[in-house]
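Overview (structure and organization)
Chain by chain, the residues:
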Amino acid sequence: YYELLCMFVAPMPGGLGLALRKLLYPRLFASCGRGVIIGRNVVLRHPHRMQLADHVTIDDNCLLDGRGDEDAGLVLGEGVILNRGCLVQAKGGAIRIGERTTIGSNSVIVATRGAEIGAAVMFAGGCSVSAGAYQVDGAPGPIMDKEATSAGPVRIGDGAWLGTSAVILDGIRVGAGAVIGAGAIVNRDVPDNAIAAGVPAKVLRQRRLHDTGGD
């Protein structure tokens, strides 16, 4: 069934392709909500470990890998949008992306021990979350043959905003409402509502937030 979908339905253009994927793809997933949209040439690895909530959009040419080491390798909350050309790969642990979060085109999220991305987070295009590394010391030999390690899951809080090509390194926490400047490399935690930029990223200031007077 999976091979037939990949061969005939995955590359199908136009409204017919969208309609057939909407009809035929849900049975591939551990769970799939209503109104899920899947674009052309989306590659799904271990879809039986993926949970998709209502109104998730996966644009053309994305690659999703849910292998992880848990039953739910990849969890996409309601209204999540993965724009064109994104790669989301749960090598270990789970990747969880909260509701209404938008991942910009050609962004990469790769996790050795999981990643937790909150609700209403904005990734601009070309962002990278790299939750894992390889041992560089020890016996000689190719680094690709060394053991992969991780300082823990990357955590990005609700309402954060990552500028174009921002890089979040292993084990880092980006606080709720934080802003990461374009091209920044974040190698230390960023507090809630902080604005950080640079290589490596440094906190420039706190956002100026005003009470709207609501309840």
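Thresholds applied
Residues numbered from 1 in each chain as written. Predicted model: local features only at pLDDT ≥ 70, side-chain atom pairs only at ≥ 80, totals over all residues. Heavy atoms only, no water. Helix = DSSP H or I, 4+ residues; strand = E, 2+ residues; numbered from the N terminus. Buried < 20%, exposed > 50% of the residue type's maximum accessible area, 1.4 Å probe, protein only. Pairing = 2+ DSSP bridges.

To continue, consider unusual backbone geometry. Looking along the chain, the bond that leaves Val 199 and enters Pro 200 is cis, with omega of -5 degrees. Relative to the assigned elements, Pro 200 resides in the loop between strand E24 (194–197) and strand E25 (202–206). The phi dihedral of Asn 61 is positive, around 65 degrees, even though this residue is not glycine. Examined against the element boundaries, Asn 61 turns out to sit in the loop between strand E5 (57–58) and strand E6 (63–65). Accessibility expressed as a relative area gives 43% for Asn 61, which makes it partly exposed. At Asn 106, a residue that is not glycine, the phi angle is positive and equals roughly 65 degrees. Tracing the backbone through its elements, the reader meets Asn 106 in the loop between strand E11 (102–103) and strand E12 (108–111).

The next thing to look at is the sheet that holds strand E1 (residues 31–32). Read across the open sheet, the 7 strands follow the order E1-E4-E7-E10-E13-E18-E21; overall the sheet is parallel. The strands lining the two open edges of the sheet, one partner per strand, are E1 and strand E21 (173–174). Both strand E7 (residues 74–76) and strand E10 (residues 95–97) contribute to a ladder of 3 bridges, which runs parallel. Bridged to Val 75 within E10 is Arg 96.

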